[in-house]
Each structure stands twice: as structure tokens, then as C-alpha cells.
Amino acid sequence: MRHLALLLLPVISFASAWTREEGEFFIAPFFNYYRAKDYYDKSGNKKPIGCTFEKREVQIYGEYGLKKNTTLTFKVPYDWLKCAGSTSGLSDLEVGFIRQVKRGKNYAFSYYGNAIIPTGYSINDNPRLGYGRLGLEGGFLYGLSGKVGFLDTGIGYRYYFGYPSSQVRAYATAGVNALKNLQIITSLDLQMGLGDGTKKVLGQNITLEPDYKLAQVYVGPRLMLGNLSLIATYQHVFWGRNTGVGRGFNVGVWWNF
């Protein structure tokens, strides 16, 4: 069973532990809307931002099966940001790979690597689109699948060449088969800044502080129509430090061919 955790979690770069067949493509466009009036300060207390932060993102994620056990990945996001002022444009691109180490009938174990590449936006914009710094990320992925659904998990480390704090990122996504062509999907996403690097003020983008921590959940249906799936999820940030107290939703399409 094919599945992909990344599309439920637009702020992280994990893909599934299962790699694509050689020559197989996977394309997944989606739209994300996120909104927050308050933020968690460095002690975890809720405080008003002073404006309503809104983020709209259209993203295209893709995979290509280079070899039986190696998949190439990419992500292209375009953002519209608003909080007093407004900014729009391409944010950071991501390119990477997934390398499958072991695969059984109902499980897969892989490792992955990504490069985070700024697209030339101004770091003086407010809200700003990104850190404007090259980053690298790597980690491990493990998945299980069966008659009742699937479980996909991952843990990774992201490092930026510049002031942003490095981060440990982890997720767990479960999909439960509700009907023949319908799954209910729930994801838990953790992002933990390690407090290293030189901190700098980043304006009003409360999803982009140099050192932040957050826990958020996604839940929603997946309608499976052969090689095509329709996805819709609700996003809720329920714990954090130096990040927004935000809510949002995601809608997208998964298509493999």
C-alpha cells in the first residue's frame, strides 16, 4: 500500500519509508492554510502577536524511482504571508533522496537526506519567506502496513549554515481503513530546536523563529481512487515555544504513475 506522510505535514520534509518502483513517478500538489492570533513565548505562555498571521501555501511535492531501492524527491512551495504587512513568492526548495535498507512483506526501513535551498527572496521582507540559509537534513524512516491500514514513522536532524538553530524532527502517521476506499489519517509532528546558532529577530513570521519547539496534530480523510487519492486534513498546534498558536487545513491530491 502506497502512502506518504509528507503531504499531511507541509512543514516537515519526511516522506514514506517505502521507495518507488524504478521509473515510477509520484506527484502531489496541495494547498495549506494556516492562521494564528497568538504565539507561545520562550516559556510556553500564550501571548498576542499584535496582528493576525496568515499563511497560504501552494506546494508541489514529487518522487521518482531512480532504482529499486532509491527514490529522488523534491518540493516546490509558493507562499502568501500576511501579518500587518504582506509578502509572497517562492520559499525554500528541497531536493533529496530516500534509500531503502530493508523491506519485508509488511514493513520497510529507510534513510533519507535533503538539501534546503533558498530561492533568492529578501531576508528583509516582513513577514519573510524563509531563513535565507542553506540547510541539510538526514534521518531514518520506518513503516508498517497491513489489512487495517498503515503506520509510518521518522526521525531526523536538520542543520542550517547560519543563525537558525539546528532541529530534531520526528513524526508518526497512522492510517486506518474505515471503508474500502476510505482511510482516516492522524499524524503527530514534533519539531525541537536545539538552541544552538546565533539568534536574530525574524519579524512577524511566527512559524520561522530561529529557535522554536512545537507539537502539532493532523487528522482527516483520504479517499483512494486507484492511482489517485484525495486528501483533506485539519492542523492544530497544541504545544510550543517561540511559535504560533495556530490552526489550519490542507487539501491535496496524490497521483502515482
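Structure first, text after, so check above.
First things first, this report covers the structure right here in the doc. (Residues numbered from 1 in each chain as written. Predicted model: local features only at pLDDT ≥ 70, side-chain atom pairs only at ≥ 80, totals over all residues. Heavy atoms only, no water.)

## What about the nonpolar core?
Counting residues in hydrophobic clusters, the biggest one holds 20 residues, and the most contacted among them are Tyr34, Ile49, Phe53, Tyr131 and Ile206. Among the elements of the structure, β1 (25–40), β2 (46–67) and β3 (70–83) are those that each provide at least two residues to this core. Beyond its immediate sequence surroundings of up to four residues, Ile49 is in contact with Ala36, Lys37, Asp38, Tyr39, Cys83 and Ile206. Within the second largest apolar cluster, seven residues are counted, among which are Ala17, Ile98, Ala108 and Leu141. (Core = buried A, V, L, I, M, F, W, Y, C linked by side-chain atoms within 4.5 Å. Buried < 20%, exposed > 50% of the residue type's maximum accessible area, 1.4 Å probe, protein only. Helix = DSSP H or I, 4+ residues; strand = E, 2+ residues; numbered from the N terminus. Contact = heavy atoms within 4.5 Å.)

## Section: the packing of aromatic side chains
What the rule picks out here adds up to 14 aromatic pairs. Ring pairs connect the aromatic residues Phe25, Tyr64, Trp255 and Phe257, which therefore count as one cluster. (Phe/Tyr/Trp six-rings, centres within 6.5 Å; stacked < 30°, edge-to-face > 60°.)

## Comments concerning the environment of Tyr34
Considering the arrangement of structural elements, one finds Tyr34 in strand β1. In the structure, Tyr34 is positioned 19 residues away from Phe53 in sequence and 8.1 Å away in space, judged by C-alpha atoms. Here Tyr34 is in contact with Phe53, Glu54, Lys55, Ile206, Thr207, Gln235, Val237, Gly244, Val245, Gly246, Arg247 and Gly248, once residues within four sequence places are set aside. Looking at Tyr34, its side chain comes within polar contact range of the main-chain nitrogen of Gly246, at 3.4 Å. (Polar contact = N/O pair within 3.5 Å; in protein donor to acceptor, adjacent residues only side chain to side chain.)

## Examining the pattern of salt bridges
Side-chain pairs of opposite charge can arise whenever the charged atoms involved come near each other. Scanning the model with the defined rule gives eight salt bridges in all. The shortest N-O distance in the salt bridge between Asp41 and Lys47 comes to 3.3 Å. The exposure class assigned to Asp41 is buried, which follows from its relative accessible area of 10%. One salt bridge in this structure joins Arg158 and Glu94, with 3.5 Å as the shortest N-O distance. (Salt bridge = Lys/Arg side-chain N within 4 Å of Asp/Glu carboxyl O.)

## Describing the side chain of Gln235
Tracing the chain through its elements places Gln235 in strand β12 (residues 228–241). Side-chain polar atoms of Gln235 contact the side chain of Asn32, separated by 3.4 Å. The residues contacting Gln235, other than those within four sequence positions of it, are Asn32, Tyr33, Tyr34, Gln216, Val217, Tyr218, Gly246, Arg247, Gly248, Phe249 and Asn250.

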